[in-house]
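# Residue-level structural notes
So the chains spell out like this:
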Amino acid sequence: MNAKPLQSFPTLSSSSSSSTSNSFPLTQTLTLHWASPPPSSSTTTKSKNPFRVHTATNHTSPSDLSLTTTTTTTELHSSQDNKLLTLLRQRKTEEAWIAYTKCTHLPSATCLSRLVSQLSYLNTRVGLTRAQSIITRLRQERQLHRLDANSLGLLAVAAAKAGHTLYASSIVKSMLRSGYLPHVKAWSAVVSRLAASGDDGPIEALKLFGSVTKRVRKFADPTIVADSRPDTGAYNAVLNACANLGDTKRFLQLFDEMPEFGAEPDVLTYNVMIKLCARVNRKDLLVFVLERIIEKGIPLCMTTLHSLIAAYVGFGDLETAEKMVQAMREGRRDLCRILRDSNLENSDQDGDRNGDRYRDKGGDVFVKLIPNSIESGNYEPPLLPKVYAPNTRDYTTLMKGYMKAGRVTDTVRMLEAMRRQDNSSSHPDHVTYTTVISSLVKAGLMDRAREVLAEMTRIGVAANRITYNVLLKGYCQQLQIDRAKELLREMADAGIEPDVVSYNILIDGCILVDDSAGALAFFNEMRARGIAPTKISYTTLMKAFALSGQPKLANQVFDEMLDDPRVKADLIAWNMLVEGYCRLGLLVEAQKIVQKMKENGFYPDVSTYGSLANGIALARKPGEALLLWNEVKERCGVKREGEVPDSSTSPPRLKPDEGLLDTLADICVRAAFFKKALEIVACMEEYGIPPNKTKFTKIYVEMHSRMFTSKHASQARQDRRIERKRAAEAFKFWLGLPNSYYGSEWRLEPIDGDG
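Since this is a predicted model, take the numbers as computed values, not measurements.

### Here we look at the overall build of the protein chain
The secondary structure content of the protein chain amounts to 36 helices and 2 strands. Taken across its 755 residues, the protein chain has 47% of its residues classed as buried. Long-range pairs, those at least 24 residues apart, make up 67% of the contacts in the protein chain with a sequence separation of at least 6. Counting every atom, the protein chain has about 38,600 Å² of accessible surface; 51% of that belongs to carbon and sulfur.

### A short note on the packing of aromatic side chains
What the rule picks out here adds up to 14 aromatic pairs. Measuring from ring centre to ring centre gives 5.5 Å for Phe674 and Tyr700, while their planes differ by 55°; the resulting arrangement is tilted. Of this pair, Phe674 sits in helix 33 (residues 674-686) while Tyr700 is found in helix 34 (residues 693-704), placing the two residues 26 residues apart along the sequence. Taking the ring centre of Trp734 as reference, the NZ or CZ of Lys693 above it sits at 4.9 Å.

### With respect to unusual backbone geometry
Of note, Arg620 is a non-glycine position whose phi angle comes to about 55°, a positive value. Along the chain, Arg620 falls in the loop between helix 30 (606-619) and helix 31 (622-635). For Ala672, which is not glycine, the phi torsion reads 65° and is therefore positive. With respect to the element layout, Ala672 can be found in the loop between helix 32 (658-670) and helix 33. With a relative accessible area of 8%, Ala672 lands in the buried category.

### Let's talk about helix 8 (residues 184-196)
Taking 1.5 Å of rise per residue, the 13 residues of helix 8 would be expected to cover 18 Å, and the 18 Å separating its terminal C-alpha atoms lies within 8% of that figure. Summarising the contacts, the buried residues of helix 8 are in contact with helix 6 (149-161), helix 7 (165-177), helix 9 (201-217) and helix 10 (232-245).

### Quick notes on a nonpolar patch on the surface
Together, Leu479, Leu512 and Val513 make up an exposed nonpolar region whose accessible area comes to about 250 Å². Within the secondary structure, Leu479 is located in the loop between helix 22 (465-477) and helix 23 (481-493).

### Quick word on the pattern of salt bridges
Throughout the structure, instances matching the rule amount to 34 salt bridges. Between Glu257 and Arg217 there is a salt bridge, with the nearest N and O atoms lying 3.6 Å from each other. Separated by 40 residues along the polypeptide, Glu257 in helix 11 (residues 248-257) and Arg217 in helix 9 bring together distant segments of the chain. Measuring nitrogen to oxygen at the nearest pair gives 2.7 Å for the salt bridge that ties Lys695 to Asp662. Of this pair, Lys695 sits in helix 34 while Asp662 sits in helix 32, and the two are 33 residues apart along the sequence.

### Side note on the packing of helix 24 (residues 500-512) against helix 25 (residues 516-528)
At a minimum axis separation of 8 Å, helix 24 and helix 25 run at an interaxial angle of 165°. The angle between helix 24 and helix 25 falls in the class roughly antiparallel. Of the two possible hands of crossing, helix 24 and helix 25 adopt the one that is left-handed. Contacts between helix 24 and helix 25 involve Val500, Tyr503, Leu506, Ile507 and Cys510 on the former and, on the latter, Gly518, Ala519, Phe522, Phe523, Glu525 and Met526. Across the contact of helix 24 with helix 25, the residue classes tally to 9 nonpolar, 1 polar and 1 charged.

### Side note on the packing of helix 10 against helix 12 (residues 267-279)
For the pair helix 10 and helix 12, the least separation of the axes is 9 Å and the interaxial angle reads 5°. When the interaxial angle is binned, helix 10 and helix 12 end up roughly parallel. Side by side, helix 10 and helix 12 meet where Thr232, Asn236, Leu239, Asn240, Cys242, Ala243 and Asn244 of the first sit next to Leu268, Thr269, Val272, Lys275, Leu276 and Arg279 of the second. Residues that form the contact of helix 10 with helix 12 fall into these classes: 6 nonpolar, 5 polar and 2 charged.

### Describing the side chain of Lys535
For Lys535, the position within the fold is in helix 26 (residues 535-547). Once you skip the residues sitting within four places of it in the chain, Lys535 turns out to touch Asp199, Met561, Val567, Lys568 and Asp570.

### Examining a positive patch on the surface
There is a patch of like positive charges on the surface, built from Arg393, Lys400, Lys404 and Lys442. When residues in the positive patch are grouped by element, the largest group, 3 residues, is from helix 18 (residues 392-404). Counting through the fold element by element, Lys442 comes out in helix 20 (residues 430-442). Take Lys442: its relative accessible area is 53%, and that puts it in the exposed class.

### Some points on the environment of Phe696
Within the element layout of this structure, Phe696 appears in helix 34. A C-alpha to C-alpha distance of 7.1 Å links Phe696 and Val669, two positions 27 residues apart in sequence. Not counting residues up to four positions away in its chain, the partners in contact with Phe696 are Asp662, Ala665, Asp666, Val669, Val681, Pro691, Phe731, Trp734 and Leu735.

Cut-off values and rules
Residues numbered from 1 in each chain as written. Predicted model: local features only at pLDDT ≥ 70, side-chain atom pairs only at ≥ 80, totals over all residues. Heavy atoms only, no water. Helix = DSSP H or I, 4+ residues; strand = E, 2+ residues; numbered from the N terminus. Buried < 20%, exposed > 50% of the residue type's maximum accessible area, 1.4 Å probe, protein only. Contact = heavy atoms within 4.5 Å. Areas by Shrake-Rupley, 256 points an atom, 1.4 Å probe, with all protein chains shown as cover. Phe/Tyr/Trp six-rings, centres within 6.5 Å; stacked < 30°, edge-to-face > 60°. Lys NZ or Arg CZ within 6 Å of the ring centre and 35° of its normal. Expected span 1.5 Å × (residues − 1). Patch = residues over 30% accessible without salt bridge, like charges linked within 9 Å, V, L, I, M, F, W, Y side chains within 5 Å. Salt bridge = Lys/Arg side-chain N within 4 Å of Asp/Glu carboxyl O. Axes fitted to C-alpha atoms, helices over the stretch in contact; angles between N-to-C directions. Parallel < 35°, antiparallel > 145°, perpendicular 65-115°, else oblique. Left-handed = near helix turned anticlockwise from the far one by under 90°. Nonpolar A, V, L, I, M, F, W, Y, C, P; charged D, E, K, R; others polar. Lys, Arg positive; Asp, Glu negative; His and termini not counted. Charge placed at Lys NZ, Arg CZ, Asp CG, Glu CD.

Laid out in structure tokens, this is it:
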């Protein structure tokens, strides 16, 4: 049978399409044809418990016995499949699962697809775990092709909602490799989760979006893949990935692609654009995104106004955020005028009335995305289509700005004002109270924070896990680990289970009191509760062992992290391992770790080099400092005249900090490497870091003031140290000590012809 193997939402057979649960309706029923006739069930499935036939006489021939056994087994399998399918059609998912576990064979494709679909649709941890177990079994038996696209798509969505983003992504990629095109609601959900996740999530979201759209474009007839074509929601998800990366060019490219698939930008698209402007520090364009929404007649929603308030709060421009909220309270519709005036005031204060400092921040891109920003002087700012009153979310966002600025009094006053609001939509909720508690905790006012928690209980506003985590962090920062443990028990009494963030806070608290054993105990307790460690969990535990002088244990934790498929070791984890060895002066071991880090595609950063510099100082190996400085110097962008670095192969440019350069300079001065010391202090001055001349002067006077003063040195020895002597004189000149470059009335040591 000849047919194309790639179909959009195929069913495994024409007979199974009617009984398979299709959560994503098809506009057209398609059939997946086998390239060759499928093998019979008698050859592809084997009973784990063979059914035995007992005969009363010995007149049956062996061939008749074999036929009878096969027929009986087939009838048993058919009966089990029918029972399972009946339960699935009745939506008795729990009973269907029990029936599946009792099957002596692998059920039919229809039963498996419906069971995976219904387990995934439950959106529970148990249901997801059971669906995943079916996938694992089918993979082991090489029968994954039995599942249809609907079931796999639902599983991907369920995994994404449960936070198993990598697993969900692997399901979608597996579908693409198998020739399936998942429904847009399935693959866009995974893209959305990837875009919002950390690490390489946004990059992976872009890759997955590109893989699906590339496959969709291969079909000349768009109706065949109508259910897989990206819609506005899918584009919003991938545009969010671009915004999180601050990739303006890619954002514009995808934004321009939307009409190709009939996707029209909606208000959420422009909300994401607000995020992009904030990410690339284009505060001046925020108002023009709002004006663009109004001009295009897109229905405005409160989320847009909230996004604007959050953006101004993120910029630290609380004055503009306050003006927005106040204008909304007064029922004003000229919000665009208010924001434009605020732009002018900020430009005057910054001495940038013409916006010159923004021209290099994606200017060409934003001209195309927000063309009205160029012609703003030619028209009056539009009015809002109606009055929008601020709600709890808006007030709470402004409170977060007060909290970040350390304005505890204003935070508490805002809470009191929200309580007195006539409109119930502006009354404080659990997020508001948690923000107040965070502000008090940040100020070290733990007793007042506990009073707010008690007030929440009294007025019936339930505290959540985040509220308790804020208090846990406060106690740990104040080194009150016993109080933190008591609060953990209070959480249990309130019916709130701690999560991985709770345990990460407690592990970090143990580090602050130098209790590595306690940190390990909390880590093991977390895993015993079935809570999967995150990257932060591993690195925090590594930090506990590194700071307590147990780098080998830190290395064991790191190895376990590498073996955990749910997390990905990052530069912070590698640096923590390097720090553990360098704190003990184990330079060779640290250098081996750095070499492995480079082999795994990670470039050392300032933290890595800083740890190595401290390790070199502790190990008293100044020669290694020269090698390290040469590498740092290359990474700082020092290159030969006319040399153009290859950005595709060269490591990223390094910006050294004071700690790294000061440590290297200290080592070189103590070892009398004055030429290198001068190079380092010149680098410090280039980066605006003031060298500590007082410290270096003291080191020179204490260690090298008698250098080159011997009257008995041979001529050969004097000739060999000419360059060192010149470097020493230049360094003394930089310090302001008497030297051969200028005269002086006083002397540290008598100067003779040799010195």
